[in-house]
Amino acid sequence: MIAGPRRHAGLSWAQAYATAWQVGRPLAPVSLPVGDALRHVLAAPVEARTAAPAFDAAAMDGYAVAGAGPWRVAGRVLAGDPEPVARLDHGDAVEIATGARVPAGAEAVLPYEDCHRCGDTVRGTRTTRTHIRRAGEDTAPGDLLAPAGRVLTATAAAAAAQVGVERVRVRPRPGVDVLVTGDEVVLHGRPGPGQVRDVFAPLVTAITDRAGGRLRTYRRVEDDPTALRAAIDTSDAPVLVVTGSSSVGVADHLHDVLAERSATWHVDGVACRPGHPQALARTADGRWVVGLPGNPYAGLVAALTLLEPLLAALAGHRRRPLPVAPVSGTVKLFPGGCRIVPVETVDDGARIVPGARSGSLRAAASADALAVLDAGWATGTPAPLLRLP
Ligand SMILES: Nc1nc2c(c(=O)[nH]1)N[C@H]1C(S)=C(S)[C@@H](COP(=O)(O)OP(=O)(O)OC[C@H]3O[C@@H](n4cnc5c(N)ncnc54)[C@H](O)[C@@H]3O)O[C@H]1N2
Ligand code: MOO
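Under an unreviewed UniProt entry, the name given to the protein is Molybdopterin molybdenumtransferase, and the organism recorded is Dactylosporangium siamense. You can read under Cofactor (unreviewed entry) in the UniProt record for the protein the words "Mg(2+)". Taken directly from UniProt, the Catalytic activity (unreviewed entry) text for the protein runs: "adenylyl-molybdopterin + molybdate = Mo-molybdopterin + AMP + H(+)".

Engineer: What is the right way to read the site of ligand 2 from this model?
Structural biologist: The environment of ligand 2 is formed by Pro-274, Gly-275, His-276, Pro-277, Asn-295, Ala-298 and Ser-358. Between ligand 2 and the protein, one listed contact pairs an oxygen atom with a backbone N or O atom of Gly-275 at 2.6 Å. Separating an oxygen atom of ligand 2 from a backbone N or O atom of His-276 is a distance of 3.1 Å. Its residues assigned to classes, the shell around ligand 2 comprises three nonpolar, four polar and no charged.

Engineer: Looking at this structure, I do not really get the site of ligand 1. What am I missing?
Structural biologist: Within the structure, ligand 1 sits among 20 residues, and Glu-184, Asp-198, Ser-246, Asp-252 and Gly-294 are positioned closest to it. Within the backbone of Val-199, one N or O atom sits 3.1 Å away from a nitrogen atom of ligand 1. Take Asn-295: an N or O atom from its main chain is 3.2 Å from an oxygen atom of ligand 1. In the complex, 66% of the free accessible area of ligand 1, which totals 870 Å², lies under the protein chains. Secondary structure elements with two or more residues in the shell around ligand 1: β16 (196-197) and α6 (296-314). In terms of residue class, the shell around ligand 1 is built from 10 nonpolar, six polar and four charged.

Engineer: Explain the packing of aromatic side chains to me, please; I cannot follow it from the model alone.
Structural biologist: Two measures describe an aromatic ring pair: the distance that separates the ring centres and the angle between the ring planes. Counted according to the given criterion, the structure contains two aromatic pairs. With 5.0 Å between their ring centres and 15° between their planes, Trp-13 and Tyr-17 make a pair best called stacked. In this pair, Trp-13 and Tyr-17 both sit in helix α1 (residues 13-23), four residues apart, roughly one turn of the helix. Across the pair, exposure class does not vary: Trp-13 and Tyr-17 are buried alike. When the ring of Tyr-63 is compared with that of Tyr-112, the centres are 5.6 Å apart and the planes differ by 90°; the resulting orientation is edge-to-face. Of this pair, Tyr-63 sits in strand β5 (residues 62-65) while Tyr-112 sits in the loop between β8 (108-111) and β9 (115-118); the two residues are 49 residues apart in sequence, bridging distant segments of the chain. By relative accessible area, Tyr-63 is classed as buried at 4%.

Engineer: For this particular structure, what's the right way to read the layout of surface pockets?
Structural biologist: Any empty space left between the atoms is revealed when a probe the size of a water molecule rolls over them. Computed from the structure, the largest pocket encloses a volume of approximately 680 Å³. Mapped onto the lining of the largest pocket, the elements with two or more residues apiece are α1, α3 (200-211), α6 and β26 (382-387). No other element matches the four residues that α6 contributes to the lining of the largest pocket. Contributing to the lining of the second largest pocket are 27 residues, with Glu-184, Gly-244, Pro-293, Gly-294 and Asn-295 lying nearest its centre. Taken together, the residues of the lining of the second largest pocket sort by class into 11 nonpolar, 11 polar and five charged.

How each quantity is defined
Numbering of residues begins from 1 in every chain and follows the order in which that chain's sequence is written. Throughout, the order in which chains and ligands are written sets their labels, letters from A for the former and numbers from 1 for the latter. Totals for whole chains, interfaces and linings use every residue, but because this is a predicted model, local features are given only for residues with pLDDT of at least 70 and side-chain atom pairs only at 80 or more, for both listing and counting. To obtain the side-chain values, all non-hydrogen atoms of the structure were included, while hydrogens and water were left out. UniProt positions are given in the numbering used here, feature names are shortened, and annotations may be inferred rather than shown by experiment. When we say a residue is near a molecule or strand, we mean one of its heavy atoms is within 4 Å of it. We define a polar contact as two N or O atoms separated by no more than 3.5 Å, with the added condition that, inside protein, one atom must be a possible hydrogen donor and the other a possible acceptor, whereas residues neighbouring each other in sequence contribute only through side-chain atom pairs. For this scheme, ten residues count as nonpolar: Ala, Val, Leu, Ile, Met, Phe, Trp, Tyr, Cys and Pro. Four count as charged, namely Asp, Glu, Lys and Arg, and the remainder, Gly too, count as polar. Computed with a 1.4 Å probe, the accessible areas rest on the Shrake-Rupley method; for each residue, only the protein chains presented here act as cover. The helix count covers DSSP runs of H or I at least four residues long, the strand count covers runs of E at least two residues long, and both are numbered beginning at the N terminus. Stacked, tilted and edge-to-face pairs are distinguished by plane angle, under 30 degrees for stacked and over 60 for edge-to-face with tilted covering the rest, among Phe, Tyr and Trp rings (Trp via its six-membered ring) whose centres lie within 6.5 Å. Accessibility here uses a 1.4 Å probe with only protein chains present; expressed as a share of the type maximum, an area under 20% marks a residue as buried, one over 50% as exposed, and anything in between as partly exposed. The way it works is a 1 Å grid over only the protein atoms, where trapped points that fit a 1.4 Å probe form a cavity and open points with protein on both sides within 12 Å along at least five of seven lines form a pocket, and then any residue with an atom within 4 Å of a point lines it. Grid points are joined across faces, edges and corners, and a volume is the space filled by probe spheres set on the points.

And the structure:
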């Protein structure tokens, strides 16, 4: 049965959640091509390499002109034309497309709508608007696009491409290997007699992705210490999730196997219901192991309590306070800690979805979030919310 050093038995829910944030140190930065770095946390500021615009460019289709009109049309210049057009003298014009290089000497672009062409002569009235985007007027080399600590959004990546940034320094997304224990668990298809269908694949996949991690492998391991030992030893992911195997039954081997490996326990049991037998440990070689209870709703609670903040911290995200809302409804509280209930969000707060059970996700399926109710909660008072994946 179970042994293992239970040094952190019975942390409060808030302590366990805070611990998962605190122990996760951002992974060492890497340099990635901008296109591969989307949604990563920036480890260094993104700064422009080139000016924008890179050259004087027309902002309208029309005629680039020099001096006062009427103007003699000397040619045409289109966007992408490689050679600059000869300098315009007073009284000269070229027909020009938006984005094309404005010839030297041009003082304004007259949009087609504001002028009239007859043969090689164009007439019109210049206004105070030049319709020329001058080189460097928006961005100079070295200008800041996004500071370290921010997530590289698609918009920031596009802005980076505009000013010559090819690679960025980011925190890698922590890889996650998942070991699903339980001889009764089937990963696919309809379960046979005495079997259950695995529920954690969609939950862990979504939570990992949302927290900034990267799911690498997802596989089932027999309820056997040798198999679990081998699976733990062969994973080289920074984070290993083990589902089931967290309690005290004859088939629950996680504590023994980690104790043999001199793992350090950061969380070993949390004073909440459900989700009590959840664990967070670190192996001697620096890998994280998150133990999720096998009961489906309890496992979901644990994934939101330990896995999500750990991954977010490793990925370099800063901790933000959880949203808090008044929660209404009826539920039997847990005197020794927190009761964690599914809630649907309503205009003035959140309402408990009744009927949650440790072994069932039915109530959570129609909820938006989980509310963490401490033993002193009363209907209508505020509680922190964990957004459901
Ligand atoms: N004597 C005690 N027994 C139990 C305790 C306890 O304190 N003393 N705690 C109970 C609580 S609370 C929970 S939660 C469970 C946690 O058990 P394990 O993490 O060891 O998980 P299993 O025993 O393997 O399975 C529990 C339950 O969940 C089903 N299961 C497991 N994996 C999956 C999966 N991937 N998808 C769907 N369902 C799964 C499994 O068939 C069992 O029904 O321990 C209690 N017992
Ligand atoms: O706490 Mo268990 O985690 O109730 O099902």
